[in-house]
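So you can see what is in the structure, the chains are spelled out below.
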Number of protein chains: 2
Amino acid sequence: MHRTKVRVVEDVLDANNTIARANRDDFDRHGVTVVNLMSAPGAGKTRLLERALEGLADAGVRVGVLEGDVQGSFDADRLSALHVPVTQLNTDGGFGGECHLDANMVRSALPSVPLDEIDLLIVENVGNLVCPAEFRIGEDARIMVCSVTEGEDKPLKYPLMFRACELVLVNKIDLLEYLDFDVERLEHNIEQINPGVTRMRVSARTGEGVEGFRDWLAQLPERTAAPV
Amino acid sequence: MHRTKVRVVEDVLDANNTIARANRDDFDRHGVTVVNLMSAPGAGKTRLLERALEGLADAGVRVGVLEGDVQGSFDADRLSALHVPVTQLNTDGGFGGECHLDANMVRSALPSVPLDEIDLLIVENVGNLVCPAEFRIGEDARIMVCSVTEGEDKPLKYPLMFRACELVLVNKIDLLEYLDFDVERLEHNIEQINPGVTRMRVSARTGEGVEGFRDWLAQLPERTAAPV
């Protein structure tokens, strides 16, 4: 029975990777760089985006957002105030209330994403530290947001998520002085799980460190461009 | 394809409910009341338990804990310092890294739980606001912990979780004065999704409100006892 389960999981991930490659081809054809943004619920993904997207247009990067949620469009509504194209993708209807985005869900939303008009597509995944890390969607880079209110042990408890990403944003550092939280212990644990991964301390609330994140996003299309 | 997916999901949940009933029979036979404790990662489940379990022995309630994690035994190690029997259940080996506990996983752990020696079994689920709410494990009551650092919109974004529980603990209220967070808006949203559900404001850090949670747990075996 166990072996059957493993086989099924492998088949599902194989099928997902095939569709992720098709997404990737579409993104490449339109010259769009894609980021998969992941975190636990409430770690501050949307607020960080609100902060970071403000300056990206000035940096000459045209951004679009694909907003993944089980239900509702609260984050999409917030982000559309920034006048970037936002597409809502809900996982409850037709997918059975999924706790993550997969390549096929993203593919189903692509006709609504103006790929011709953007350089960078940010996909905000469903808030969850487990399954989103297992499903590639055709992205160039994966970012995870980890809030200092969540505990220093999270990289050790959810290693796949921390291992899967190219950038870890340690958010809500404005709260550090009110918490019994050892940010260096968190960073040590991140380093243990994903040695050398880029890390940034940020506060979506005060804006501290957000410029570094914005620069990272602005330079991503250049960094990931196919060598000529 | 959509209809097939729905059918598969229904079959999985049916099979889960059958095993949940078998768990329930075992719990009843041993006179054990069972709580399924759920939250997003880092909402403070373990620290709340550390606080609440301290006084439960004095109240004459013998407690055991079944600790669900994808990987590791960090929380179980913390809780065993309280000298209650703690059983670790990892979802990575044999289950493919599941993001939730289901009835079968709990069933597989029961031989390691001293049901004869406890009155109340607290099952700490994997940190996740989606899938844990879909799988009954044979519990008497479901509790969710919602931290004030997570945002007021969480009941609207993860309605199944908030609808599934008999008690909502609003945790980390010691941080309220440092946050742009409207706790009454959160409570209004909880009430919209699950009208009349019992709510408590608590701080696992300062201990505020934890006595009410402890009393709720202590009285649960009596409240859920089968009528004679």
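This structure is a prediction, so every number in the text was calculated from the model and none was measured. Counting restarts for each chain, with residues numbered from 1 along the sequence as it is written. Note on labels: chains are lettered from A, ligands numbered from 1, in written order. Where local features are concerned, this predicted model is filtered to residues with pLDDT of at least 70; where side-chain atom pairs are given and counted, the filter is 80 or more; whole-chain, interface and lining totals use all residues. Note that water and hydrogens are dropped before the side-chain values are worked out from all heavy atoms of the structure.

Focus on the nonpolar core
Nine residue types can take part in a nonpolar core, namely buried Ala, Val, Leu, Ile, Met, Phe, Trp, Tyr and Cys, and a core is a set of them joined through side-chain atoms within 4.5 Å. With a 1.4 Å probe rolled over the protein chains alone, any residue whose accessible area is under 20% of its type maximum counts as buried; one over 50% counts as exposed, and the rest are partly exposed. A:Val168 and B:Val168 are the most contacted members of the largest nonpolar core, which has 57 residues in total. Listing elements by their share of this core, those giving two or more residues are strand 5 (141-147), helix 6 (159-163), strand 6 (167-171) and helix 7 (183-193) of chain A together with strand 5 (141-147), helix 6 (159-163), strand 6 (167-171) and helix 7 (183-193) of chain B. In contact with A:Val168, not counting residues within four places along its chain, are A:Met144, A:Cys146, A:Phe162, A:Ile190, A:Val197, A:Thr198, A:Arg199 and A:Met200. Strands are runs of DSSP state E lasting at least 2 residues, helices are runs of H or I lasting at least 4, and numbering of each runs from the N terminus. Only heavy atoms matter for contacts: two residues are in contact if any of them lie within 4.5 Å across the pair.

Digging into the relation of the copies chain B and chain A
To line up the copies, we fit them by least squares on C-alpha atoms, keeping just the residues with pLDDT of at least 70 in both. Once chain B has been moved 0.0 Å along the axis and rotated by 180°, it coincides with chain A to within an RMSD of 0.0 Å. Overall, the copies show the geometry of a two-fold rotation axis. Measuring from the rotation axis to each C-alpha of chain B, the shortest distance belongs to B:Asn128, at 3.0 Å. Comparing interface residues between copies, 100% of those in chain B also lie at the interface in chain A; the contact surface is shared.

Quick notes on the interface of chain B and chain A
Across the contact, 38 residues belong to chain B and 38 residues belong to chain A. The term buried area denotes the loss of accessible surface (1.4 Å probe radius) that occurs when two parts are joined, taken as the sum for both partners. Both sides of the chain B and chain A interface together cover about 3200 Å² of buried area, and 54% of this is carbon and sulfur. Of all residues in chain B, B:Pro41, B:Lys157 and B:Tyr178 bury the most surface against chain A, accounting for 18% of the area lost on that side. A pairing counts as a salt bridge when a side-chain nitrogen of Lys or Arg comes within 4 Å of a carboxyl oxygen of Asp or Glu. At the boundary of chain B and chain A, one finds 8 salt bridges. Here a polar contact is taken to be a pair of N or O atoms separated by no more than 3.5 Å, where protein atoms must pair a possible hydrogen donor with a possible acceptor and residues adjacent in sequence count only if both atoms sit in side chains. For the pair chain B and chain A, the interface holds 13 residue pairs in polar contact (both at pLDDT 80 or more).

Examining helix 7 of chain B
All names here are of chain B. Along helix 7, the positions that sit buried rather than exposed are Val183, Leu186, Glu187, Asn189, Ile190 and Ile193. Buried residues of helix 7, seen end-on, are gathered within an arc of 160° and therefore sit on one face of the element. Residues of helix 7 that are exposed and point more than 90 degrees away from the buried face comprise Glu184 and Gln192. Where the residues of helix 7 are buried, they touch strand 5, helix 5 (154-157), helix 6, strand 6 and strand 7 (198-201). The backbone nitrogen of Glu184 has a side-chain oxygen 3.1 Å away, supplied by the residue at the start of helix 7, namely Asp182. Summarising the geometry, the arc corresponds to the directions from the helix axis toward the C-beta atoms.

Some remarks on the packing of helix 2 (residues 45-56) of chain B against helix 8 (residues 210-224) of chain B
Residues and elements named next belong to chain B. Axes, fitted as lines to C-alpha atoms, cover a helix only where it is in contact. Angles between the N-to-C directions of the axes lie from 0 to 180 degrees. The N-to-C vectors of helix 2 and helix 8 enclose an angle of 60°; their axes lie 9 Å apart at closest approach. The orientation of helix 2 relative to helix 8 falls into the category oblique. The chirality of how helix 2 crosses helix 8 is right-handed. Residue-level inspection shows Leu48, Arg51, Ala52, Gly55 and Leu56 of helix 2 in contact with helix 8, the latter providing Val210, Phe213, Arg214, Leu217 and Ala218. By residue class, the composition of the contact of helix 2 with helix 8 is 7 nonpolar, 1 polar and 2 charged. Oblique is the label for every angle not falling under 35 degrees (roughly parallel), over 145 degrees (roughly antiparallel), or within 65 to 115 degrees (roughly perpendicular). Crossings are assigned a handedness: left-handed for a near helix turned anticlockwise from the far helix by less than a right angle, right-handed for a clockwise turn. Note on residue classes: Ala, Val, Leu, Ile, Met, Phe, Trp, Tyr, Cys and Pro are nonpolar, Asp, Glu, Lys and Arg are charged, and everything else, Gly too, is polar.

Comments concerning the confidence of the model for chain A
Per residue, pLDDT measures the predictor's confidence, with a range of 0 to 100. Mean pLDDT over chain A stands at 92; residues scoring 70 or higher make up 94%. This prediction of the complex comes with two scores: 0.92 for pTM and 0.89 for ipTM.

Regarding unusual backbone geometry
With a phi close to 60°, A:His83 is a non-glycine residue in the positive phi region. Although it is not a glycine, B:Lys172 sits at a positive phi angle of roughly 70°. As for its placement among the helices and strands, B:Lys172 is situated in the loop between strand 6 and helix 7.

Quick notes on the environment of B:Leu121
Residues and elements named next belong to chain B. When you line up the elements, Leu121 lands in strand 4 (residues 120-124). Residue class for Leu121 comes out buried when judged on its relative accessible area of 0%. For the pair Leu121 and Thr33, spaced 88 residues apart in sequence, the C-alpha to C-alpha distance is 6.2 Å. Not counting residues up to four positions away in its chain, the partners in contact with Leu121 are Phe27, Val32, Thr33, Val34, Val35, Gly64, Val65, Leu66 and Val113.

Some words on the sheet that holds strand 1 (residues 33-39) of chain A
Residues and elements named next belong to chain A. Any two strands are treated as partners once DSSP identifies two or more bridges connecting them. Taken in spatial order, the 7 strands make up an open sheet running 3-2-4-1-5-6-7, and their pairing is parallel. Lying at the two open borders of the sheet, with one neighbouring strand each, are strand 3 (86-90) and strand 7 (198-201). Each strand axis lies, on average, 20° off the axis of its neighbour in the sheet, ignoring direction. Summarising the sheet, strand 1 and strand 5 pair through 5 bridges and their orientation is parallel. Bridging from a neighbouring strand, Asn36 pairs with Arg142 of strand 5. Here helix 2 (residues 45-56) sits on the sheet and contacts strand 1, strand 2 (63-69), strand 4 (120-124), strand 5 and strand 6; the angle it forms with strand 4, its principal contact strand, is near 170°. Helix 7 rests against strand 5, strand 6 and strand 7 of the sheet, and its axis sits at about 165° to strand 7.

Considerations on the sheet that holds strand 6 of chain B
Residue and element names in this part refer to chain B. Reading across from one edge, 3-2-4-1-5-6-7 is the order of the 7 strands in this open sheet, with parallel pairing throughout. Looking at strand neighbours, the two that pair on one side only are strand 3 (86-90) and strand 7, the edges of this open sheet. Across the sheet, the mean angle from the axis of one strand to that of its neighbour is 20°, orientation sign disregarded. As paired strands, strand 2 (residues 63-69) and strand 3 are joined by 5 bridges and run parallel to one another. The residue of strand 3 that forms the bridge with Glu67 is Gln88. Packed on one face of the sheet, helix 2 meets strand 1 (33-39), strand 2, strand 4, strand 5 and strand 6 and runs near 170° to strand 4. With respect to the sheet, helix 7 is in contact with strand 5, strand 6 and strand 7, its orientation differing from that of strand 7 by roughly 165°.

What about the pairing of strand 4 of chain A?
All names here are of chain A. Burial analysis of strand 4 places 5 of its 5 residues in the buried class, the great majority of the element. On strand 4, burial covers both faces: Leu120, Ile122 and Glu124 on one face and Leu121 and Val123 on the other are all buried. Note: strand 2 against strand 4, 5 bridges, orientation parallel. Among the inter-strand pairings, Val63 is bridged to a residue of strand 4, identified as Leu120.

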